[in-house]
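An overview of the molecular structure
Chain by chain, the residues run as shown.
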Amino acid sequence: MPVHRDEIYDNLDGTLASVHLCDFPAGASLPARDEQLEQSMALARETVRLGLGARGKAKIKVRQPLGEAVVVADGRERAAIERLAVWCARS
């Protein structure tokens, strides 16, 4: 029986006997870094961290759904949060 990672590899590419026989991709073949996405993710992580802190202070467990959450942000911060909120809603 194949190992799960090899089964996944076979479904994606499968040209070699095992994913472990593949060459590691060269740096030039990788897509360029999206620094705007990295900054947006850092901001989103900070927003979540602050939200979890507020839940902790209010003694609201993470499993307890919230009616609403208000995030105060403007300018680039607001645009970054909205960009990721739309992206996450599509996933």
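What you are looking at is a predicted structure, and each value in this text was computed from that prediction instead of being measured. Throughout, a residue's number is its position along its own chain's written sequence, starting from 1. At least 70 in pLDDT is required for a residue's local features to be given in this predicted model, at least 80 for side-chain atom pairs to be given and counted, and no such filter applies to totals for whole chains, interfaces and linings, which use all residues. In computing side-chain properties, one takes all heavy atoms of the structure into account and sets aside hydrogens as well as water.

1. Regarding the overall build of the chain
Each helix and strand counted, the chain has three helices and zero strands in total. Under the scheme used here, helices are H or I runs from DSSP no shorter than 4 residues and strands are E runs no shorter than 2 residues, and both carry numbers assigned from the N terminus. Along the chain, helices and strands appear, N-terminal first, in the series α-α-α. Burial classes: relative accessible area under 20% of the type maximum marks a residue as buried, over 50% as exposed, and values in between as partly exposed (1.4 Å probe, protein chains only). Buried positions account for 10% of the 91 residues belonging to the chain.

2. Focus on a nonpolar patch on the surface
Together, Val48, Leu52 and Val62 make up a nonpolar patch on the protein surface, roughly 280 Å² of accessible area in all. Along the chain, leucine 52 turns up in helix H2 (residues 35–57). By relative accessible area, which is 43% here, leucine 52 ends up partly exposed. Here the term patch refers to residues with relative accessible area over 30% and no salt bridge, with like charges joined within 9 Å and nonpolar side chains (Val, Leu, Ile, Met, Phe, Trp, Tyr) within 5 Å. Each accessible area is a Shrake-Rupley result for a 1.4 Å probe, and residues are judged covered by the shown protein chains and nothing else. Any Lys or Arg side-chain nitrogen found within 4 Å of a carboxyl oxygen on Asp or Glu counts as a salt bridge.

3. Considering the pattern of salt bridges
Counted according to the given criterion, the structure contains three salt bridges. Among the ionic pairs, glutamate 38 bridges to arginine 33, the shortest N-O distance being 2.6 Å. By relative accessible area, which is 63% here, arginine 33 ends up exposed.

4. Looking at H2
Spanning 23 residues, H2 covers 33 Å between terminal C-alpha atoms, matching the ideal 33 Å at 1.5 Å per step. Listed in full, the buried residues belonging to H2 are Ser40, Leu43 and Arg55. Once H2 finishes, lysine 59 follows within two positions and takes phi at roughly 55°, a positive value. Expected helix span is taken as 1.5 Å per residue step, with the number of steps being one fewer than the number of residues.

5. Considering the side chain of serine 40
Within the element layout of this structure, serine 40 appears in helix H2. Throughout, a residue-residue contact means that at least one pair of heavy atoms, one from each residue, lies within 4.5 Å. When residues no more than four places from it in sequence are discounted, the contact partners of serine 40 are Ala80, Arg83 and Leu84.

6. So, unusual backbone geometry
One non-glycine residue, lysine 59, lies in positive phi territory at about 55°. Positionally, lysine 59 belongs in the loop between H2 and helix H3 (75–90). Given the relative accessible area of 74%, lysine 59 is considered exposed.

7. A look at the environment of leucine 37
Position of leucine 37 among the secondary structure elements: in helix H2. The exposure class of leucine 37 is partly exposed, given its relative accessible area of 34%.

8. Quick look at the confidence of the model for the chain
The pLDDT value expresses, per residue, how confident the predictor is, ranging between 0 and 100. When the pLDDT values of the chain are averaged, the result is 81; 89% of them are 70 or greater. In the model of the chain, H3 stands out as the element of lowest mean pLDDT, 76, in contrast to H2, which has the highest, 90.

9. Focus on the side chain of arginine 55
Here arginine 55 shows up in helix H2. When charges are counted, neither His nor the chain ends are considered; positive counts come from Lys and Arg and negative counts from Asp and Glu. Glutamate 68 provides the closest opposite charge to the buried, salt-bridge-free arginine 55, at an N-O distance of 13 Å. Setting aside chain neighbours within four positions, we find arginine 55 in contact with Ile60, Lys61, Val62, Arg63, Gln64, Pro65 and Leu66.

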